[in-house]
Amino acid sequence: MKVVLVGFMGSGKTTVSRLLGQKMNLPVTDLDDVIVEQAGPIPVIFETNGETFFRQIEHDLLLECLDQEGILATGGGTPIREDNVAALTDDDALVVLLKANPETAVARVDNDPNRPLLKEDFSTKHVQEMIDARAEHYQNVCDMQIQTDAYTPDEIAEMIIREVVDREREVG
Ligand SMILES: Nc1ncnc2c1ncn2[C@@H]1O[C@H](COP(=O)(O)OP(=O)(O)OP(=O)(O)O)[C@@H](O)[C@H]1O
Ligand SMILES: O=C(O)C1=C[C@@H](O)[C@@H](O)[C@H](O)C1
Ligand SMILES: [Mg+2]
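Residues numbered from 1 in each chain as written. Chains lettered and ligands numbered in written order. Predicted model: local features only at pLDDT ≥ 70, side-chain atom pairs only at ≥ 80, totals over all residues. Heavy atoms only, no water.

- Per an unreviewed UniProt entry, the recorded name for the protein chain is Shikimate kinase, and the organism is Limosilactobacillus gastricus DSM 16045.
- Its UniProt record gives the protein chain a comment under Subunit (unreviewed entry), which states: "Monomer."
- UniProt's Subcellular location (unreviewed entry) comment on the protein chain is quoted here verbatim: "Cytoplasm". (UniProt positions renumbered as here; feature names shortened; annotations may be inferred.)

Shown next as structure tokens:
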């Protein structure tokens, strides 16, 4: 069983993945954590080598992570590369898009310095523009989507588990 969470920064991928891992008794991997383990802090990678270099590391490690069963939380920008979209859609994982309104995302990420793409502009307008620019990629990659603003992480994890159970029942 494999569940992959995608969505913008602050949509809750990391938080919900951990809950899903506990509830489903499955290992949890966070792509951002794997990147940090292998290549150092994300803001430093952006500053030293730039975003394209970061995206290549992210791509290589995504492919490694997809070899394992369990819950995978991706980075907020993982679906912006077409080869990542292809890898995710070709995989048999349930890919869940977590969505959050820009106001919610801004409130949740709260000037966190570990998100270099928001370092200079944490405004709702900027976040809305980034979400709009990525919307098609997020849509192309997902099997189900959840608008998270009004739900707790626990409620969101339960929605995903219900979907997993329903799909397993359909397969038989
Ligand atoms: N449904 C929710 N309701 C309230 N707070 C939430 C919810 N989901 C996440 N949060 C909070 O929002 C913050 C960001 O969540 P999280 O780190 O899980 O997002 P993320 O999608 O992994 O972001 P990134 O792409 O930057 O890694 C955390 O402080 C978390 O506790
Ligand atoms: O939305 C993005 O492009 C990013 C989100 C984070 O999860 C990190 O992967 C990194 O800061 C880039
Ligand atoms: Mg995360």
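**Some words on the UniProt feature "binding site: ATP" (unreviewed entry) in the protein chain**
At step 1: Under the present numbering, the feature "binding site: ATP" (unreviewed entry) in UniProt falls on Gly 10, Ser 11, Gly 12, Lys 13, Thr 14, Thr 15 and Arg 115.
At step 2: Examined against the element boundaries, Gly 12 turns out to sit in the loop between strand S1 (2-6) and helix H1 (13-24).
At step 3: One can find Thr 14 in helix H1.
At step 4: The exposure class of Thr 14 is partly exposed, given its relative accessible area of 27%. (Helix = DSSP H or I, 4+ residues; strand = E, 2+ residues; numbered from the N terminus. Buried < 20%, exposed > 50% of the residue type's maximum accessible area, 1.4 Å probe, protein only.)

**As for the sheet that holds strand S3 (residues 70-73)**
At step 1: Read from one edge to the other, the open sheet built from five strands follows the order S2-S3-S1-S4-S5, with strand pairing classed as parallel. Each having just a single partner strand, strand S2 (28-30) and strand S5 (144-147) make up the two edges of the open sheet. Strand-to-strand twist in this sheet, taken as the mean axis angle between neighbours without regard to direction, amounts to 20°.
At step 2: Looking at chain direction, S1 and S3 are connected through four bridges and run parallel. Bridge pairing in S3 links Leu 5 to Ala 73.
At step 3: Sheet contacts for helix H2 (residues 31-39): S2 and S3; angle to S2, the most-contacted strand, approximately 65°. (Pairing = 2+ DSSP bridges. Axes fitted to C-alpha atoms, helices over the stretch in contact; angles between N-to-C directions. Contact = heavy atoms within 4.5 Å.)

**Looking at the UniProt feature "binding site: Mg(2+)" (unreviewed entry) in the protein chain**
At step 1: Under the feature "binding site: Mg(2+)" (unreviewed entry), the UniProt entry names Thr 14.
At step 2: Beyond its immediate chain neighbours, meaning those up to four positions away, Thr 14 contacts Asp 30 and Ala 73.

**What to know about the site of ligand 2**
At step 1: Around ligand 2 sit Met 9, Asp 32, Ile 42, Phe 54, Arg 55, Gly 75, Gly 76, Gly 77, Asn 114, Pro 116, Leu 117 and Arg 134, and those are all the residues in its vicinity.
At step 2: Residue Arg 55 places a side-chain N or O atom 2.7 Å away from an oxygen atom belonging to ligand 2.
At step 3: At 2.7 Å, a side-chain N or O of Arg 134 approaches an oxygen atom of ligand 2.
At step 4: Calculation on ligand 2 without its partners gives an accessible area of 310 Å², and the protein chains cover 96% of this total.
At step 5: In the shell around ligand 2, the residues fall into five nonpolar, four polar and three charged. (Near = heavy atom within 4 Å. Polar contact = N/O pair within 3.5 Å; in protein donor to acceptor, adjacent residues only side chain to side chain. Areas by Shrake-Rupley, 256 points an atom, 1.4 Å probe, with all protein chains shown as cover. Nonpolar A, V, L, I, M, F, W, Y, C, P; charged D, E, K, R; others polar.)

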